[in-house]
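# Results of the structural survey
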Amino acid sequence: MNFGTEARNFTSETSVVTAEKALSFISKGWREVRDSADADFQLMKDRANSFKNLANSFDRELENFINSATTFSVPAIRTSTPTEIDFVKRLQPKISEFRRVYSSPDFSRKVLEKWSPRARIRIDLSAIRNAIVSEVGDTDKIAEFDEKERLWRGKNLKLEEFWSDWKGEEEGSQKEWQPIRALKTRLRELERKSSSSEIFGNFKNNEFVEKVKSSLKAICKEPQDSKEVPPLDVPELLAYLVKQSGPIFDQLGFKQDICHKIVETFCSKYRSQLLLRSLSAGEATFIENENVNDELDLRIASVLRSTGHCYEGGLWTDSVKRPSADGKRHFAIVTTASLPWMTGTAVNPLFRAAYLAKSAKQNVTLLVPWLCKSDQELVYPNNLTFSSPEEQEVYIRKWLEERVGFKADFKISFYPGKFSKERRSIIPAGDTSQFISSKEADIAILEEPEHLNWYHHGKRWTDKFNHVVGVVHTNYLEYIKREKNGALQAFFVKHINNWVTRAYCHKVLRLSAATQDLPKSVICNVHGVNPKFLKVGERVAEERERGQQAFSKGAYFLGKMVWAKGYRELIDLLAKHKNDLEGFKLDVFGNGEDAHEVQSSAKKLDLNLNFLKGRDHADDSLHGYKVFINPSVSDVLCTATAEALAMGKFVVCADHPSNEFFRSFPNCLTYKTSEDFVARVREALDNEPQPLTPEQRYNLSWEAATQRFMEYSELDRILNSSVNNAELSKTNRKIAKSVSLPNLSDMVDGGLAFAHYCLTGNEILRLSTGAIPGTRDYNKQHCEDLHLLPPHVENPIYGW
């Protein structure tokens, strides 16, 4: 009996647990039904919003307005303008029609019939009850289950209340569904707002509308912007005219400082006003770093921009620039001499081409002059001549590879040239720029830009190339002053050099301050030393560390034997201090046009000079000398001086701007007077030179020279378009200024180039200024040697 009782209790407990699980399952099912109903409700709200969008599909801007207007809660700010009121009046009938459609009972009934749940939801739980009762099999438990059934009836009533709340009405009642009622309320509010300025007050604050308005302002200049910028007055116009007339004054010989002072005088009373306006705009840092000229430029640019004017180019400039086809930049190095002529304009551009091509970041072409055989015999040493450009190219590459130690991957091209005996230099024949094809016309490096363009009659370099850099090698004024009527000739040559460099270059690099102050120029030594000389210096340092004698000879001088290369200064110094330098012997290496006169003068004065034939400075016979003497003051930057320092020798040279770069080296001994010269020579002969530090060796190398060249020519900025944010913000102001501001300087440069083209086209004017006859175009011999067509025939090889 106990067992039976326990069995019945167990069965009863099991039945209760089963019923609870069934009820839990039903409760979970109802929760899912409720979640599904919520999702349906959200869907109905989305459908209602879509109806609003469809109602205004005829006007996309009106659709955005209504979508944003339904969420406005900011009160009206100000009274609408007449234009806004007219727009609202046109909008009111459409909103009223929209509200009438949504307010109709048919719409509510259709929506309810399609998406709302039924008016009353009933669930019959009798089947569940019978299943549970039959499983339990005990009538005593029916009463207990009835209590649970009553509990679920209570839950059923709560569910019915939930549906009635969600539906918004009881069965048979005439109340509207709650979502429709809320929608109608919102539409009535929208209609009320449309009759006032509130909706436009909120509309103005919309972020999207503000962006649209700012975009429209950028496209269409508003008249009120021009009213904010005061017009230019007479002093400002005069100051800007003087500033932009700088190129003209420069050509007339006026210093730039005079123009700057005149501009500052005109703008002095407006300086405080400009500064005050800039400070109010939060640009104090920029203003403090800018001068009056930049402030004046920004002032002019702001006035021009306020009028909507946009400057698109100059009268003479060609704004069409061709991008690189292969994605790499192209460098064209044009020089006035070529090996085997051992001159600076032949050697240094060759090394520059090799080290620029070594980085493999750009393609490089070296353009050198080709001389007919008759001119080769006058120029090249040891009676060395070439029958074809290909033969000379082989010689050049072999000479270069022996010195740099690597195979330089760059192209060598030739242009026609003629040797001038009077000028002792090579003059280009024809248009040199045409020997660089249009697809490679990217960046031009003109070695001796004044020399290349004295008689240039062809396309303007700055029009054909994206960026043109001139490198000044020679102090022509110093040479010309030594000739007959030198002062008068130097005056004209000075202004011609200014003319052609201004017209044909974007940037000019002067190796030292010994050259004339050319337009657009900066001073920087962009030449390096042959690596072979640096190796000699390293070997000398190693020998001295081992205690060996590195130098077994005394002093020497090496240079082309012409008076202008320092021979006059050398003979004068030795003649004046012949007794002070008793026993001093100097070996002189060089060949040249003035060799006989130099030797005769030294012999008459009984100077202890031993004249020898010219040879390469890297020759083994010169390594044993300890002191290199160079009294020249006509050089721009003496290559032989740099080579002697690289080999670890003493250098005695004049305290002159041409030697400014070498003063930082301890082995460079400079003098100002003839007495200092004697002291420096004795100091060098009695002491041993100091070995070069790694930093000093690097400063003399071509790697460092190439880096300086890229920096000072602004090519690194051009090649690397990415700049930091600080520089970019400042650059943007400059660009914005130049876009709308016509530059009189560019117009003057273009006019000078056009005038130069016209003058050099006249053969009589060319001959009267010292040009070689027939150099306006190349001759028949050049056509045969270089495989060219006659000048008047279009040549497809060079893209004419």
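Reading the values: the criteria
Residues numbered from 1 in each chain as written. Predicted model: local features only at pLDDT ≥ 70, side-chain atom pairs only at ≥ 80, totals over all residues. Heavy atoms only, no water. Core = buried A, V, L, I, M, F, W, Y, C linked by side-chain atoms within 4.5 Å. Buried < 20%, exposed > 50% of the residue type's maximum accessible area, 1.4 Å probe, protein only. Domains from an automatic or database assignment. Contact = heavy atoms within 4.5 Å. Salt bridge = Lys/Arg side-chain N within 4 Å of Asp/Glu carboxyl O. Helix = DSSP H or I, 4+ residues; strand = E, 2+ residues; numbered from the N terminus. Pairing = 2+ DSSP bridges. Axes fitted to C-alpha atoms, helices over the stretch in contact; angles between N-to-C directions. Patch = residues over 30% accessible without salt bridge, like charges linked within 9 Å, V, L, I, M, F, W, Y side chains within 5 Å. Areas by Shrake-Rupley, 256 points an atom, 1.4 Å probe, with all protein chains shown as cover. Arc of directions from axis to C-beta. Phe/Tyr/Trp six-rings, centres within 6.5 Å; stacked < 30°, edge-to-face > 60°. Lys NZ or Arg CZ within 6 Å of the ring centre and 35° of its normal. Parallel < 35°, antiparallel > 145°, perpendicular 65-115°, else oblique. Nonpolar A, V, L, I, M, F, W, Y, C, P; charged D, E, K, R; others polar. pLDDT = per-residue confidence, 0-100. Disulfide = S-S within 2.5 Å. Lys, Arg positive; Asp, Glu negative; His and termini not counted. Charge placed at Lys NZ, Arg CZ, Asp CG, Glu CD.

### A short note on the nonpolar core
Grouped together as the largest cluster of nonpolar side chains are 134 residues, with contacts concentrated most on Leu400, Phe410, Leu574, Leu586, Ile629, Phe677 and Phe709. Both domains that meet at this core, namely domain 1 (329-527 + 744-786) and domain 2 (531-700), each give it at least three residues. When neighbours within four sequence positions are excluded, phenylalanine 677 is seen to be in contact with Leu573, Leu574, Leu581, Ile629, Val652 and Tyr671. Counting residues in hydrophobic clusters, the runner-up holds 6 residues, among them Ile427, Trp454, Tyr455 and Tyr476.

### Points about the pattern of salt bridges
As enumerated under the stated definition, the model contains 24 salt bridges in all. Note that arginine 403 is salt-bridged to aspartate 616, the shortest N-O span being 3.1 Å. Taken together, the residues arginine 403 in helix H18 (residues 389-404) and aspartate 616 in the loop between strand S11 (609-612) and strand S12 (625-630) connect sequence positions 213 residues apart. Judged by relative accessible area, arginine 403 falls into the buried class, the value being 12%.

### Here's the deal with the sheet that holds S12
Backbone-to-backbone hydrogen bonds join strands into a sheet, with any given pair of strands oriented parallel or antiparallel. Taken in spatial order, the 6 strands make up an open sheet running S11-S10-S9-S12-S13-S14, and their pairing is parallel. With one partner strand each, in any of the chains shown, S11 and strand S14 (668-671) form the two edges of the open sheet. For this sheet, the mean inter-axis angle between neighbouring strands, taken without regard to orientation, is 25 degrees. Bridge count for strand S10 (residues 586-589) against S11 is 4 bridges, and the pairing is parallel. Bridge pairing links phenylalanine 589 to leucine 612 in S11.

### Focus: a nonpolar patch on the surface
On the surface, Leu488, Phe491, Phe492 and Ile496 cluster together into a nonpolar patch covering about 390 Å² of accessible area. Tracing the backbone shows isoleucine 496 in helix H22 (residues 486-504). Residue classification places isoleucine 496 among the partly exposed residues on the basis of a relative accessible area of 32%.

### Regarding unusual backbone geometry
Most peptide bonds take the trans form, and the phi angle of most residues other than glycine is negative. A cis amide bond links leucine 339 to the next residue, proline 340, at an omega of 10 degrees. Summarising the element assignment, proline 340 is placed in the loop between strand S1 (329-334) and helix H16 (344-358). At glutamate 448, a position not held by glycine, the phi torsion is positive, near 65 degrees. Mapped onto the elements, glutamate 448 comes out in the loop between strand S5 (443-447) and helix H19 (449-453). Its identity is not glycine, yet aspartate 606 carries a phi of approximately 55 degrees, on the positive side. A relative accessible area of 54% means that aspartate 606 is categorised as exposed.

### Overview of helix H25 (residues 595-604)
If you check which residues of H25 are buried, you get Ala595, Val598 and Ala602. For H25, the arc enclosing every buried residue in end-on projection is 70 degrees, short of the 170-degree limit, so these residues lie on one face. Pointing more than 90 degrees away from the buried face of H25 are the exposed residues His596, Lys603 and Lys604. On its buried side, H25 packs onto helix H24 (567-576) and S11. Phi turns positive one or two residues past the end of H25, at aspartate 606, with a value near 55 degrees.

### Let's talk about the sheet that holds S1
Read across the open sheet, the 8 strands follow the order S4-S3-S2-S1-S5-S6-S7-S8; overall the sheet is mixed. Each of the sheet's edge strands pairs with one partner strand only, and the pair in question is strand S4 (425-428) and strand S8 (521-523). For this sheet, the mean angle separating the axes of adjacent strands, direction not counted, is 30 degrees. Strands S1, strand S2 (362-370), S5 and strand S6 (467-472) of the sheet are contacted by H16, whose axis makes an angle of about 165 degrees with S2. Helix-sheet contacts for H18 involve S2 and strand S3 (411-420), and the interaxial angle to S3 is about 110 degrees.

### Observations concerning the packing of aromatic side chains
A full pass over the atoms with the stated rule returns 20 aromatic pairs. Both rings, one in tyrosine 556 and one in phenylalanine 628, keep their centres 5.2 Å apart while their planes meet at 55 degrees; by these two values the pair is tilted. Taken together, the positions of tyrosine 556 in strand S9 (residues 553-558) and phenylalanine 628 in strand S12 put the pair 72 residues apart, joining distant regions of the chain. Between phenylalanine 589 and tyrosine 625 the ring centres are 6.1 Å apart and the planes differ by 80 degrees, which places this aromatic pair in the edge-to-face class. Taken together, the residues phenylalanine 589 in strand S10 and tyrosine 625 in strand S12 connect sequence positions 36 residues apart. Accessibility assignment for this pair places phenylalanine 589 and tyrosine 625 in one class, buried. Directly above the ring of phenylalanine 410 sits arginine 397, whose terminal nitrogen or CZ lies 5.1 Å from the centroid. The side chain of arginine 568 reaches across the aromatic face of tryptophan 563, ending 4.0 Å from its centre.

### Considering the packing of H16 against H18
Across the interface, H16 lies against H18 with an axial gap of 11 Å and an inter-helix angle of 70 degrees. Considering their axes alone, H16 and H18 lie roughly perpendicular with respect to each other. Between H16, through Val347, Leu350, Phe351, Ala354 and Tyr355, and H18, the contact on the second element is made entirely by Ile396, Trp399, Leu400, Arg403 and Val404. Partitioning the contact of H16 with H18 into residue classes produces 9 nonpolar, no polar and 1 charged.

### Some thoughts on the confidence of the model for the protein chain
When pLDDT is averaged across the protein chain, the result is 75; 60% of the residues are at 70 or more. A low-confidence stretch, residues 722-740 (pLDDT under 50), is modelled with 22 contacts involving residues beyond four sequence positions or located in other chains.

### Points about the pairing of strand S7 (residues 507-510)
Sheet faces and side chains relate simply in a regular strand, where the side chains alternate between the two faces. Here S7 shows a buried face lined by Lys507 and Leu509 and a second buried face lined by Val508 and Arg510. Of the strand pairs in this sheet, S6 and S7 are connected by 4 bridges, and their pairing is parallel. Within S7, the position partnered with glycine 470 by the bridge is valine 508. By the bridge criterion, 3 bridges tie S7 to S8 in an arrangement that is parallel. Its bridge partner being in S8, leucine 509 is matched across the sheet by valine 522.

### With respect to the environment of proline 349
Locating proline 349 in the fold gives a position in helix H16. Owing to a relative accessible area of 0%, proline 349 belongs among the buried residues under this scheme.

### Details of the state of the cysteines
Within this structure, the stated rule accounts for 0 disulfides. Note on cysteine 372: no disulfide assigned, nearest cysteine sulfur contributed by cysteine 783 at a separation of 9.8 Å. Taking the relative accessible area as the measure of exposure, cysteine 372 reaches 9% and is therefore buried. With no disulfide of its own, cysteine 668 lies 3.6 Å from the sulfur of cysteine 653, the closest cysteine sulfur. Its relative accessible area of 10% is what places cysteine 668 among the buried residues.

### Points about a negative patch on the surface
Taken together, the side chains of Glu32, Asp35, Asp38 and Asp40 make up a negatively charged region of the molecular surface. Looking at the element boundaries, aspartate 38 is found in helix H1 (residues 2-55).

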